[in-house]
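What follows is the residue order along each chain.
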2 protein chains.
Amino acid sequence: MTGSAAPPDAMLALVEALRRLPGVGVKSAQRMAYHLLQHDRDGALRLSQALDHAVHGIRHCERCHTFTEQPVCAACLDPARDTRLLCVVETPADQAAVERTGTYRGLYFVLMGRLSPLDGVGVQDIGLPELLARVREGEVREVIVATNFTAEGEVTAHAVAEALRALDVRVTRLARGVPIGSELEYVDLGTIAHAFSERR
Amino acid sequence: MTGSAAPPDAMLALVEALRRLPGVGVKSAQRMAYHLLQHDRDGALRLSQALDHAVHGIRHCERCHTFTEQPVCAACLDPARDTRLLCVVETPADQAAVERTGTYRGLYFVLMGRLSPLDGVGVQDIGLPELLARVREGEVREVIVATNFTAEGEVTAHAVAEALRALDVRVTRLARGVPIGSELEYVDLGTIAHAFSERR
Ligand SMILES: [Zn+2]
Ligand SMILES: [Zn+2]
């Protein structure tokens, strides 16, 4: 829109910035901007600060690659965890889903993604070299591959298993109790817990 | 979640802040936070700044109540507009929809909402006293009520018309070419333009 009734520049910039959120189109972005400015300016300022703090405060754990505010995350430093078990997941949300089952006491390696050659996501991008180096240290006895049971998750699991084949480590996959085609994050806890005990 | 694998505080704060956006639940907020931190930190900083600028820079026009970065918006100051016509709309998005038709050259009054007694939104909240004062100034000859053709929009239109009844001003409503039950923002331009010419 042009002319004297055009929205103010700061409004247009806000709508453009909101559109970069996943799943947010131009109409949703306009509604969000209107809602924040008309009904929730405090919420807008909180979101502004939360974004700033997160971007400047959150990094990747040097050991497991999950999000953390420290060089090494609390899980990797937790002396109560079994350092012989390493569970490989795609995202922190998947890590949280496994953690909520309460059945796993080992460590994690978070790929922060999945193999997707068509999107240009290769083995470097999911940290596979670092995962191999980690296993070569010798302490890990079993790698539990808990990538999602989607097409890309299975390809990723296969690549992880292949890469670890030459090393002296047991590689297991969660049992197929997890429904095919689903994403771990949305699976009920009992199913995940069962799949853990039935891992092969 | 508790324990050593809990997400960092800055991540939890970001998810909470994103949940305050309209239409965003906890799962969507988690996906947005992950996407921004893993794939679009530049977008996160831009959104942070856009929110801050918008909250601190955008106010309501003293004349028409729409969003503006000046005390009085450009439309209200535009000498090319017909000051005898005043179009009453619910939101800046509705104002933009009318403006896009290119058929209206008068001024606007933006209610920044609609009457909704059940939600505690009364005549003060939509600026009805200021609208009456504006019309009493004497320059406006016709008030075109272009609230949405929803139940609340019709109630609002009725209240506006009732409030203006005693004043020496013509009060019209957009013709019913606009589909009943729809929101102006989503109506095609031709329909809105036609409804303007058929206003009664
Ligand atoms: Zn870690
Ligand atoms: Zn104005």
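Residues numbered from 1 in each chain as written. Chains lettered and ligands numbered in written order. Predicted model: local features only at pLDDT ≥ 70, side-chain atom pairs only at ≥ 80, totals over all residues. Heavy atoms only, no water.

1. Section: the coordination of the zinc ion (ligand 1)
All names here are of chain A. Note the threshold: Here a donor is any nitrogen, oxygen or sulfur atom (N, O, S) within 2.8 Å of the metal, with 3.2 Å used for Na, K and Ca; water is not among the atoms considered, so some sites may look incomplete. Here the metal geometry follows the donor angles, with tetrahedral for four donors whose angles all fall between 85 and 135 degrees, square planar for four and octahedral for six when opposite donors are more than 155 degrees apart and every other angle is between 65 and 115, and irregular for all the rest. Only protein chains enter the calculation, and the probe is 1.4 Å; a residue is then buried if its accessible area is under 20% of its type maximum, exposed if over 50%, and partly exposed in between.
Of the protein atoms, only C61 (SG), C64 (SG), C73 (SG) and C76 (SG) coordinate the zinc ion (ligand 1), at distances of 2.3 to 2.4 Å. Relative to the metal, the four donor atoms surrounding the zinc ion (ligand 1) lie at angles of 105 to 118°, and the coordination shape comes out tetrahedral. Binding-site remark: the zinc ion (ligand 1) is held by donors from one chain whose sequence spacing is C-x2-C-x8-C-x2-C. For the pair formed by C73 and C76, the shared burial category is buried.

2. Focus: the pairing of strand 6 (residues 170–173) of chain A
Short version of the rule: At least two bridges found by DSSP between two strands is the condition for calling them paired. Comment: elements are numbered from the N terminus, with helices defined as DSSP H or I runs of at least four residues and strands as E runs of at least two.
Alignment of strand 5 (residues 142–145) of chain A against strand 6 of chain A, held across four bridges, turns out to be parallel. Residue pairing in the sheet places A:V145 in a bridge with A:R173 of strand 6 of chain A.

3. A closer look at the coordination of the zinc ion (ligand 2)
Residue and element names in this part refer to chain B. Around the zinc ion (ligand 2), the protein supplies C61 (SG), C64 (SG), C73 (SG) and C76 (SG) as donor atoms, at distances of 2.3 Å. Note that the zinc ion (ligand 2) binds four donor atoms; their angles at the metal cover 106 to 117°, and the shape is tetrahedral. All donors of the zinc ion (ligand 2) belong to a single chain; written as a sequence motif, their spacing is C-x2-C-x8-C-x2-C. The class of C61 is buried, set by a relative accessible area of 1%.

4. A few points about the interface of chain B and chain A
So the rule is basically this: Throughout, a residue-residue contact means that at least one pair of heavy atoms, one from each residue, lies within 4.5 Å. Put simply, buried area is how much 1.4 Å-probe accessible surface two parts lose in total, over both of them, once they are put together. By convention in these notes, a salt bridge is any Lys or Arg side-chain nitrogen within 4 Å of a carboxyl oxygen on Asp or Glu.
In this assembly, 63 residues from chain B lie in contact with 63 residues from chain A. Taken together, the two surfaces of chain B and chain A that pack against each other cover about 5,500 Å², and 65% of this comes from carbon and sulfur. Contact with chain A buries surface across chain B, with B:S4, B:R20 and B:F67 losing the most and accounting together for 12% of the total. For the pair chain B and chain A, the interface holds four salt bridges. A salt bridge links A:D40 to B:R20; the nearest nitrogen and oxygen atoms lie 2.8 Å apart. Among the secondary structure elements, those contributing two or more residues to the side of chain B that touches chain A are helix 1 (9–19), helix 2 (26–39), helix 3 (41–57), strand 1 (59–60), strand 2 (67–68), helix 4 (74–77) and helix 5 (92–101) of chain B.

5. Observations concerning the packing of aromatic side chains
Residue and element names in this part refer to chain B. Formally: Working definition: a ring pair exists when centres of Phe, Tyr or Trp rings (six-membered ring for Trp) sit within 6.5 Å. Plane angles under 30 degrees give stacked, over 60 give edge-to-face, the rest tilted. Consider the ring centre and the ring normal. A charge sits over the ring if Lys NZ or Arg CZ is within 6 Å of that centre and within 35 degrees of that normal.
For the coordinates displayed, the defined rule picks out four aromatic pairs over all chains. When the ring of Y104 is compared with that of Y108, the centres are 5.3 Å apart and the planes differ by 70°; the resulting orientation is edge-to-face. Relative accessible area serves as the criterion here: at 2%, Y108 is assigned to the buried category. Directly above the ring of F149 sits R173, whose terminal nitrogen or CZ lies 4.2 Å from the centroid.

6. Comments concerning the domain arrangement of chain A
How we decide: Domain boundaries shown here were taken from an automatic or database domain assignment.
Taken domain by domain, chain A comprises domain 1 (10–57) and domain 2 (83–173). Taken over C-alpha atoms, the centre of domain 1 of chain A sits 34 Å from the centre of domain 2 of chain A.

7. Examining helix 1 of chain B
Since there are 3.6 residues in each turn of an α-helix, residues three or four apart along the chain are aligned in direction. For the record, the criterion: To obtain the arc, one takes the directions from the helix axis to the C-beta atoms.
Listed as buried for helix 1 of chain B are B:A10, B:M11, B:L14, B:V15, B:A17 and B:L18. Down the axis of helix 1 of chain B, the buried set is contained in an arc of 165°. They therefore lie on one face. Against the buried residues of helix 1 of chain B lie helix 3 (41–57) and strand 2 (67–68) of chain A together with helix 2 of chain B.

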